[in-house]
Amino acid sequence: MNTTLATTITADPTVPAVRITREFDAPPAAVYRAHVDPELVVRWLGPRRLTMTVQRWDAETGGGYRYTHVGEDGTEHRFFGSFHELRENERIVQTFTYEGFPDGVALETVTFTELPGGRTRLEGFSLGESFEARDAILVSGMQEGVVEGYERLDEVLAD
């Protein structure tokens, strides 16, 4: 594996947040599009063992989303949120809620920075309501889903 494509996930020690950094061998426009086009999102978001279906996907400032991940055993995990701001090829600000924990709304910002050679650095910042909520997310399988999802995104971007 190319070590420059490693996903870094860290818990911020000062606020209840998670920071994610990942580089992609694709330009910001392609990485951004893969985050806002529902036909692409279902191909990469989350671990391979889950199938994603989209119930709503209005990727625009003021829009919203709702989707379901279904496990091999039929277990469903539902998520929803609002798109606060979409700045094409630069930034996405959204809320994120796991339906099983409706009081755990996170505010997420993802930025896309152009790097030399047509590459992109993605930086994510997810601010939760408490350190306890943040830590529960970290042990929930989120790390597996993010790492494997970005490996799947590499495949989508290569197509």
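Let us look at the structure shown here. (Residues numbered from 1 in each chain as written. Predicted model: local features only at pLDDT ≥ 70, side-chain atom pairs only at ≥ 80, totals over all residues. Heavy atoms only, no water.)

1. So, the environment of Val146
Note on placement: Val146 falls in helix 3 (residues 131-158). Of the residues examined, Val146 reaches a relative accessible area of 16% and is grouped as buried. If we ignore the near neighbours within four places in the chain, the residues touching Val146 are Thr7, Ile9 and Ile20. (Helix = DSSP H or I, 4+ residues; strand = E, 2+ residues; numbered from the N terminus. Buried < 20%, exposed > 50% of the residue type's maximum accessible area, 1.4 Å probe, protein only. Contact = heavy atoms within 4.5 Å.)

2. Thoughts on the packing of aromatic side chains
Scanning the entire structure with this criterion turns up eleven aromatic pairs. Centroid distance Tyr65 to Phe83: 5.3 Å. Interplanar angle 50 degrees. Geometry classified as tilted. On the criterion of sequence distance, the pair formed by Tyr65 in strand 4 (residues 64-70) and Phe83 in strand 5 (residues 76-87) is long-range, its members being 18 residues apart. Note on accessibility: Tyr65 and Phe83 belong to one class, buried. Seen from their ring centres, Phe79 and Phe96 are 5.4 Å apart, and the 25 degrees between their planes marks the pair as stacked. A residue pair is termed long-range when its members are at least 10 positions apart, and Phe79 in strand 5 and Phe96 in strand 6 (residues 91-98) qualify at 17 residues. (Phe/Tyr/Trp six-rings, centres within 6.5 Å; stacked < 30°, edge-to-face > 60°.)

3. Let's talk about helix 3
The largest bend in helix 3 comes to about 60 degrees, at Gly141. Along helix 3, the residues classified as buried are Ala133, Arg134, Leu138, Met142, Gly145, Val146, Glu148, Gly149, Tyr150, Arg152, Leu153 and Val156. Taken together, the buried residues of helix 3 touch strand 1 (8-11), strand 2 (17-24), helix 1 (28-36), helix 2 (38-44) and strand 8 (119-127). (Bend = angle between axes of the 7 residues up to and from the residue.)

4. Some remarks on the pairing of strand 3 (residues 51-57)
Sheet topology note: the strand 3/strand 4 ladder contains six bridges and is antiparallel. Looking at strand 4, one finds that Trp57 is bridged to Tyr65. Count of turn residues in the strand 3/strand 4 antiparallel hairpin: six residues, of which Gly62 carries a positive phi of about 90 degrees. (Pairing = 2+ DSSP bridges.)

5. Observations concerning the pattern of salt bridges
A full pass over the atoms with the stated rule returns 16 salt bridges. Residue Asp154 is joined to Arg22 by a salt bridge in which the shortest nitrogen-to-oxygen separation is 2.7 Å. Here the residue Asp154 occupies a position in helix 3, and Arg22 occupies one in strand 2, the gap between them amounting to 132 residues. A relative accessible area of 22% means that Asp154 is categorised as partly exposed. On the basis of relative accessibility, which here comes to 1%, the residue Arg22 falls in the buried class. For Glu85, the salt bridge identified is with Arg91, shortest N-O distance 3.0 Å. Each member of the salt-bridge network shares a partner with another, and the members are Glu23, Asp25, Arg119 and Arg121. (Salt bridge = Lys/Arg side-chain N within 4 Å of Asp/Glu carboxyl O.)

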